[in-house]
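Descriptive analysis of the structure
One-letter residues, chain by chain:
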Amino acid sequence: MTAVLPADAAADAGPLRVPELMHPRGEARSEAAVGAGASGLCPPSGPPAEGGVDLLWLAPDARECRTRGWLADAAARVGRELAADGIAYVLPPRGWRGRTAAHLRRAGLQVGPAVAHVAAGGAERVLVPLRRPEARLLLRSVLTLPA
């Protein structure tokens, strides 16, 4: 099981579908969402699919993160509901990435590197791991940002 935590700026990017491509099959046959910020990220889901959910969106809002025990309970739910080869795409509010990652690790999940989800024009999106070499290349060559 893998949890992917995007950079804070990515949380404003709107509905995201690129994470589905990270799934070993390249598609998610079942999805679920946890957290107030997850509305609109996937269709409403019923009980977890047999064998677990392929793509689980965890998107708490700041109020949920401040509620005692909420993050630990949500991380445990992700651990229970995610399929063995599933992907959890986590969109924590600004300032909560480290604590969210810690709860996910305690729940037995492997936390991947932070990623930037970048609009590349139209509906296309680019997913870039935020390690120094990739981030440097992204900022120098791909994004046209003012100085």
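Description of the structure in this document.

Analysis parameters
- Residues numbered from 1 in each chain as written.
- Predicted model: local features only at pLDDT ≥ 70, side-chain atom pairs only at ≥ 80, totals over all residues.
- Heavy atoms only, no water.
- Phe/Tyr/Trp six-rings, centres within 6.5 Å; stacked < 30°, edge-to-face > 60°.
- Lys NZ or Arg CZ within 6 Å of the ring centre and 35° of its normal.
- Salt bridge = Lys/Arg side-chain N within 4 Å of Asp/Glu carboxyl O.
- Helix = DSSP H or I, 4+ residues; strand = E, 2+ residues; numbered from the N terminus.
- Buried < 20%, exposed > 50% of the residue type's maximum accessible area, 1.4 Å probe, protein only.
- Arc of directions from axis to C-beta.
- Contact = heavy atoms within 4.5 Å.
- Polar contact = N/O pair within 3.5 Å; in protein donor to acceptor, adjacent residues only side chain to side chain.
- Core = buried A, V, L, I, M, F, W, Y, C linked by side-chain atoms within 4.5 Å.
- Axes fitted to C-alpha atoms, helices over the stretch in contact; angles between N-to-C directions.
- Parallel < 35°, antiparallel > 145°, perpendicular 65-115°, else oblique.
- Left-handed = near helix turned anticlockwise from the far one by under 90°.
- Nonpolar A, V, L, I, M, F, W, Y, C, P; charged D, E, K, R; others polar.
- Expected span 1.5 Å × (residues − 1).

**Some thoughts on the packing of aromatic side chains**
Overall, the coordinates contain one aromatic pair when judged by the stated rule. Arg99 extends its terminal NZ or CZ atom over the ring of Trp96, reaching a point 4.0 Å from the ring centre.

**Some remarks on the pattern of salt bridges**
Oppositely charged side chains can pair when the atoms bearing their charge come close. Applying the stated criterion to the full structure yields one salt bridge. Two residues, Arg77 and Glu81, come together in a salt bridge whose shortest N-O distance is 2.8 Å. Linking Arg77 with Glu81, this pair stays in helix α2 (residues 70-81), spanning four residues, or about one helical turn. Judged by relative accessible area, which is 29%, Arg77 ranks as partly exposed.

**With respect to helix α3 (residues 97-106)**
Looking only at α3, the buried set comprises Thr100, Ala101 and Leu104. Along the axis of α3, the buried residues cluster in a sector spanning 100 degrees; they form a single face. Turned more than 90 degrees away from the buried face of α3, the exposed residues are Gly98 and Arg106. Just downstream of α3, Gly108 is the residue with a positive phi angle, here 90 degrees.

**Quick word on the environment of Glu64**
Along the chain, Glu64 falls in helix α1 (residues 62-66). Along the backbone, Glu64 and Ala36 are 28 residues apart, and their C-alpha atoms lie at a distance of 7.8 Å. Residues in contact with Glu64, not counting those within four places in the same chain, are Gly35, Ala36, Ala59 and Trp70. One polar contact links the side chain of Glu64 to the main-chain amide nitrogen of Ala36, over a distance of 3.0 Å.

**Quick notes on the nonpolar core**
Residues Leu56, Leu58, Val78, Leu82 and Leu104 are the most contacted members of the largest nonpolar core, which totals 15 residues. Looking at this core, the elements with two or more residues in it are β2 (31-34), β3 (53-58), α2, β4 (82-90) and α3. One finds Leu41, Cys42, Trp57 and Ala59 within the second-largest nonpolar core, a separate group that totals eleven residues.

**As for the packing of α2 against α3**
Viewed as axis vectors pointing N to C, α2 and α3 meet at an angle of 50 degrees, and their least axial separation amounts to 8 Å. If you check the angle between α2 and α3, you find them oblique. Crossing hand, α2 versus α3: right-handed. Residues Leu71, Ala72, Ala75 and Val78 of α2 touch α3, and the partners they reach there are Thr100, His103 and Leu104. For the contact of α2 with α3, a count of residues per class yields five nonpolar, two polar and no charged.

**Focus on the environment of Asp54**
Structurally, Asp54 can be placed in strand β3. Residue classification places Asp54 among the buried positions, given a relative accessible area of 5%. A C-alpha to C-alpha distance of 8.4 Å links Asp54 and Ala84, two positions 30 residues apart in sequence.

**With respect to α2**
The end-to-end C-alpha separation of α2 is 16 Å, in line with the 16 Å expected for twelve residues at 1.5 Å each. Within α2, burial applies to Leu71, Ala74, Ala75, Val78 and Glu81. Buried residues of α2 fall within an arc of 140 degrees about the axis and therefore sit on the same side. For α2, exposure combined with an orientation more than 90 degrees from the buried face picks out Asp73 and Arg80. Where α2 is buried, its residues touch β2, β3, α1, β4 and α3.

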